[in-house]
Amino acid sequence: MSTHQEKLKKSISIIRKLISLYQELLNRMNSKSIPVVCHHSGTSQTRTTLEAINNNHKWRGYPKSQLGYYIAYNFVIINGVVTKTRKLTEKGQATSTFKKFHWDIMVVGSFDIDEVSQENRDALEKLLMNLRLNHSMGSFLPHNQYYNTICCGENLIKELDKLRMTNNIL
Ligand SMILES: [Zn+2]
């Protein structure tokens, strides 16, 4: 084979690889099955700030998100307010035992003790509806389905079960 043919063959193989990567990305963006993992903070439901979580996660070494936060989750809910801390194209960083591309949502509170406030419940429901209807959300499970942890707390897990039933979420 001539050098020219070899070069051509190499180029074609690189182009094929790029096409398959592009298709994988498209599949990921279009797939109806991006799983969501739900967490709690294990801290006060009313007195924990976004800044405190960000500083803690920066200290713990989580990578900076494209939105400028160090917070491992894609969304944080505090007192009924949802903050997007990682883009939907970024994998959640809070469920290290779950290797598949997924999003992490965290509701501030210690739901092994606290009842989920109405405003937090409503905010979570609204966020899930949006992700399900507009962004190809798949399953929605508590952290303890992927790791031996109490996260996201018994009382929030009960709310997730209710939300799942009323909204046809997997
Ligand atoms: Zn968790």
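What counts and what doesn't
Residues numbered from 1 in each chain as written. Predicted model: local features only at pLDDT ≥ 70, side-chain atom pairs only at ≥ 80, totals over all residues. Helix = DSSP H or I, 4+ residues; strand = E, 2+ residues; numbered from the N terminus. Buried ≥ 20, exposed ≤ 12 C-beta atoms within 10 Å, placed from the backbone. Contact = placed C-beta atoms within 7 Å. Domains from an automatic or database assignment. Core = buried A, V, L, I, M, F, W, Y, C linked by C-beta atoms within 7 Å.

A. Geometry of the environment of Ile157. Secondary-structure assignment places Ile157 in helix H4 (residues 154-167). Looking at Ile157, the number of C-beta atoms within 10 Å reads 21, which means it is buried. Taking C-alpha positions, Ile157 is 8.4 Å from Phe111, a pair spaced 46 residues apart along the chain. Here Ile157 is in contact with Pro142 and Cys152, once residues within four sequence places are set aside.

B. Inspection of the domain arrangement of the protein chain at higher detail. As assigned here, the protein chain comprises domain 1 (1-30) and domain 2 (33-167). Placing the centre of domain 1 and that of domain 2 at their C-alpha centroids yields a distance of 37 Å.

C. A look at the nonpolar core. Counting 31 residues, the largest nonpolar core has Val36, Tyr73 and Val76 as the members making the most contacts within it. Looking at this core, the elements with two or more residues in it are strand E1 (34-40), strand E2 (75-78), strand E4 (103-107), helix H3 (118-134), strand E5 (137-142) and H4. Leave out the neighbours within four places in its chain, and Val36 touches His102, Trp103, Ile105, Leu131, Met137 and Phe140.

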